[in-house]
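# Analysis of the macromolecular model
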Amino acid sequence: MGDPHEELEHAEHAQHAAHSNKRIALLIACLALGLAISEMLGKSAQTNALTDNIRASDTWAFFQAKTIRQTTLRTAAQAVELALAAIEGEPQKVAMTKQIDDWQKTVARYESEPETDEGRKELSRRAQAAEHDRDLSLARYHQYEYASAAYQIGIVLASSAVITGIVALAYGAGGLGLIGIAFTILGAFAPNALHLLGAGGAH
């Protein structure tokens with residue numbers, strides 16, 4: 001028969017190890033949940049960034065087309081204005097003057113058209129807004145990527161803690177989990193915070 005005292009110590013040690021492994025398993029489950037959330041949010045942010053980028057490109061293309069048409073009409077109006085002085089017939093002068101006036105009105109409408117929100121000024125504003133939304137979504141995506149990396153490394157450390165019994169690895173995994181939560185919160189509420197801090201430090 002073995003020593004009862006030794007057997008009791010072994011039993012207590014095994015019970016403590018089992019309890020510790022349960023806590024680490026719970027930690028791994030929490031890290032995996034955090035990873036799933038950050039991955040889902042990251043995919044959503046990436047999709048939004050792509051959509052906003054396409055919207056910005058399309059709007060700038062429309063802006064460029066308006067600019068070309070506006071420049072063409074402005075040039076035509078100026079050319080007709082120069083030719084007007086050489087015209088002697090009054091009816092022709094009236095017709096050409098009306099044409100110049102129509103072109104100038106169209107040029108002004110191409111510049112700004114609040115009713116349709118499709119003048120050059122409005123298109124420029126819309127394109128810049130789309131670019132801002134794209135940049136914000138990209139900033140969110142990067143924060144969620146950092147969060148996912150922290151969760152993944154945390155899961156590896158926690159799994160290693162179960163195998164090796166080194167408790168410090170579990171604490172490290174917990175710390176990485178907190179870092180992952182911090183990056184997830186930044187991505188959701190202040191995606192540009194670290195960038196702004198870096199810019200402030202550079203000054």
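Above this note sits the structure.
To keep things clear, this report deals only with the structure shown in the data block. (Residues numbered from 1 in each chain as written. Predicted model: local features only at pLDDT ≥ 70, side-chain atom pairs only at ≥ 80, totals over all residues. Heavy atoms only, no water.)

## Here's the deal with the side chain of R134
To keep things clear, this is the line we draw: For the purposes of this entry, the term helix denotes a DSSP run of H or I that reaches at least four residues, the term strand denotes a run of E that reaches at least two, and both are numbered from the N terminus. Whether two residues are in contact is decided by their heavy atoms: any pair within 4.5 Å suffices.
The residue R134 is located in helix α3 (residues 120-164) in this model. Here R134 is in contact with A49, D52 and N53, once residues within four sequence places are set aside.

## Some points on helix α2 (residues 90-111)
Selection criterion: Under the convention used throughout, the expected extent of a helix is 1.5 Å for every residue step, that is, one less than its residue count. When a residue's accessible area, from a 1.4 Å probe over protein chains only, is under 20% of the maximum for its type it is buried; when over 50% it is exposed; and in between it is partly exposed. In this description, one arc is meant: the one made by directions from the helix axis to the C-beta atoms.
Spanning 22 residues, α2 covers 31 Å between terminal C-alpha atoms, matching the ideal 32 Å at 1.5 Å per step. When we look at burial in α2, the residues that qualify are M96, I100, T106, V107 and Y110. Burial along α2 is one-sided: seen end-on, the buried residues are contained in an arc of 125°. Those residues of α2 that are exposed and aimed more than 90 degrees away from the buried face are E90, P91, K98 and K105.

## A look at the pattern of salt bridges
What counts, and what does not: The rule for a salt bridge is simple: a side-chain nitrogen of Lys or Arg has to be within 4 Å of a carboxyl oxygen of Asp or Glu.
A complete count under the given rule lists 9 salt bridges for this structure. For K66, the salt bridge is made with E113, and the minimal N-O distance between the two is 3.9 Å. Of this pair, K66 sits in helix α1 (residues 4-84) while E113 sits in the loop between α2 and α3, placing them 47 residues apart in sequence. Residue classification places E113 among the buried residues on the basis of a relative accessible area of 12%. Salt bridges sharing partners connect three or more residues here, namely D52, R55 and D133.

## A word on the packing of aromatic side chains
We count it as follows: The pairing test for Phe, Tyr and Trp rings, Trp by its six-membered ring, is centres within 6.5 Å, and the orientation test on the planes gives stacked under 30 degrees, edge-to-face over 60, and tilted for anything in between.
Applying the stated criterion across every chain, the model contains 2 aromatic pairs. Summarising the aromatic geometry, the rings of W60 and F63 are spaced 5.3 Å apart at their centres and angled 90° between planes, so their arrangement reads as edge-to-face. With W60 and F63 both in helix α1 and 3 residues apart, the pair spans about one turn of that helix. Judged by its relative accessible area of 14%, F63 is buried. Measuring from centroid to centroid gives 5.4 Å for Y146 and F183, while their planes differ by 55°, and the two rings are tilted.

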